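Coordinate analysis (summary)
So the chains spell out like this:
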Amino acid sequence: MIGVFAPAKINLYLHVVGRRADGYHLLDSLVAFADIGDFVTAAPAESLTLAIGGPEAGAIAGLGEDNLVMRAARLFAAEAAANRPGGVPFGAALYLDKRLPAAAGIGGGSSDAAATLRVLDRLWHRPVDPAALAALALKLGADTPACLAARPVWVGGIGERIEEAAALPPAGIVLANPRRSLPTAEVFAARRGAFAGIGRFDPMPRDAAALAAVLADRGNDLTDAALSLLPEIAAVLERLAQLPGALLARMSGSGATCFALFDDREAALAAGALLAHSEPQWWSAAGALMTAPPPVETAARRVEG
């Protein structure tokens, strides 16, 4: 059995810079990943199957074949079979350890789909080339190409334009969600106002405090729209900003998950423990920003907990 971590996707800033004729919004964003997330494992099997566990499994239990893990697996199996006509059908027993909340603006489903592509690519001995794999990722959603990269990237277009970003400085992070889902399409539909400019910067700051200062001059252009649909987000942002050592508090993606940056993991873990104690009804987690993609590795199935 092999497995791969599916990290939470964090939009350190998110600018809406335009809109295409087909209605899709054009974005500019610095995307990073946290060492907080789900885990996908795969073992050889005659057909494609999926089992789901973990503390957040209930939110997606009813999706069935519409689960992004199964959609990714079916799409990849079809592409692989097309490259090996007449061969044995591609199968795998997949298991998703679900720990990120659903529809939370941190790319949980997209990261799960990307992790599925990566783990099946290894299990099935790389039956498609990297360009085809990236094309499959885009078919699974605008966030999935960045999640397939799983490293700091600049994102443009509707999410399909990925450029590697310079290494981020070490930084701790606390994530919090008020246990309310917020569909991305509804947030974009509620967005009003002028389009923003490109926010990219160079060089990359050397420490977390300098990174937070640069990000403070940018923003998340979906925040007002998300607040209009879910006012509780304001309380999450305020609570995160008040945590000891918080350098910056901001909504990630289309919400409702928000994050706060800290000097390091230790500061984030301490702040995260305070938040979990004071707001037990929220989903929250603490860790650090990742600097490299998680490896695909031999793994035992994780146990729900």
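Residues numbered from 1 in each chain as written. Predicted model: local features only at pLDDT ≥ 70, side-chain atom pairs only at ≥ 80, totals over all residues. Heavy atoms only, no water.

With that settled, consider the nonpolar core. Judged by nonpolar contacts, the single largest core of 44 residues is most densely connected at Phe76, Leu94, Leu117, Val119, Leu120, Leu123 and Trp124. Filtering out sequence-adjacent residues up to four positions away, Val119 remains in contact with Ile2, Gly3, Val4, Val40, Ala42, Leu94 and Val296. Ranked by size, the runner-up nonpolar core spans 29 residues in total, among them Ile10, Ala165, Phe201 and Met204. (Core = buried A, V, L, I, M, F, W, Y, C linked by side-chain atoms within 4.5 Å. Buried < 20%, exposed > 50% of the residue type's maximum accessible area, 1.4 Å probe, protein only. Contact = heavy atoms within 4.5 Å.)

Let's shift gears to the layout of surface pockets. Approximately 1,200 Å³ is the volume attributed to the largest pocket. Taken together, 47 residues form the lining of the largest pocket, with Ser110, Gly141, Ala142, Asp143 and Thr184 sitting closest to its centre. Those elements giving two or more residues to the lining of the largest pocket turn out to be β1 (2–19), β2 (25–44), α1 (68–83), α2 (108–123), α3 (130–139) and α5 (184–190). Along the lines of polarity and charge, the residues of the lining of the largest pocket split into 25 nonpolar, 15 polar and seven charged. Within this model, the second largest pocket holds a volume of roughly 240 Å³. (1 Å grid on protein atoms, 1.4 Å probe; cavity = no way out; pocket = protein on both sides within 12 Å on 5 of 7 lines; lining within 4 Å. Points joined across faces, edges and corners; volume = space filled by probe spheres on them. Helix = DSSP H or I, 4+ residues; strand = E, 2+ residues; numbered from the N terminus. Nonpolar A, V, L, I, M, F, W, Y, C, P; charged D, E, K, R; others polar.)

Now for the sheet that holds strand β10 (residues 283–288). With respect to topology, four strands assemble into an open sheet ordered β8-β9-β7-β10, the strand pairing being antiparallel. Lying at the two open borders of the sheet, with one neighbouring strand each, are β8 (248–251) and β10. Adjacent strand axes in the sheet meet at a mean angle of 20° when their direction is disregarded. Lying over the sheet, helix α6 (residues 208–216) contacts β8 and β9 (258–262), oriented at roughly 50° with respect to β8. Here helix α9 (residues 265–278) sits on the sheet and contacts β7 (172–177), β9 and β10; the angle it forms with β10, its principal contact strand, is near 170°. (Pairing = 2+ DSSP bridges. Axes fitted to C-alpha atoms, helices over the stretch in contact; angles between N-to-C directions.)

On to the pattern of salt bridges. Applying the stated criterion across every chain yields a total of 14 salt bridges. With its nearest N and O atoms 2.5 Å apart, the salt bridge here joins Asp35 to Arg265. Taken as a pair, Asp35 in strand β2 and Arg265 in helix α9 lie far apart in primary sequence, 230 residues in all. Judged by relative accessible area, which is 35%, Arg265 ranks as partly exposed. Residues Arg200 and Glu163 are paired through a salt bridge, measuring 3.4 Å at the closest nitrogen-oxygen approach. Here Arg200, found in the loop between α5 and α6, pairs with Glu163, found in strand β6 (residues 161–164); they are 37 residues apart in sequence, far enough to count as distant. Salt bridges sharing partners connect three or more residues here, namely Asp28, Glu163 and Arg200. (Salt bridge = Lys/Arg side-chain N within 4 Å of Asp/Glu carboxyl O.)

Looking now at the packing of aromatic side chains. Using the criterion set out here, one finds four aromatic pairs in the structure. Both rings, one in Tyr13 and one in Trp154, keep their centres 6.4 Å apart while their planes meet at 55°; by these two values the pair is tilted. Taken together, the positions of Tyr13 in strand β1 and Trp154 in strand β5 (residues 153–156) put the pair 141 residues apart, joining distant regions of the chain. Residue classification places Tyr13 among the buried positions, given a relative accessible area of 0%. Here Phe76 and Trp124 contribute two aromatic rings whose centre-to-centre distance is 5.6 Å and whose plane-to-plane angle is 50°, an arrangement assigned as tilted. Residue Phe76 is located in helix α1, and its partner Trp124 is located in the loop between α2 and α3; the two are separated by 48 residues in the primary sequence. Each of the two residues, Phe76 as well as Trp124, counts as buried. Aromatic ring contacts, followed pair by pair, group Tyr13, Trp154 and Phe201 into a single cluster. (Phe/Tyr/Trp six-rings, centres within 6.5 Å; stacked < 30°, edge-to-face > 60°.)

Remember that the coordinates give geometry; whether it matters functionally is a separate question.
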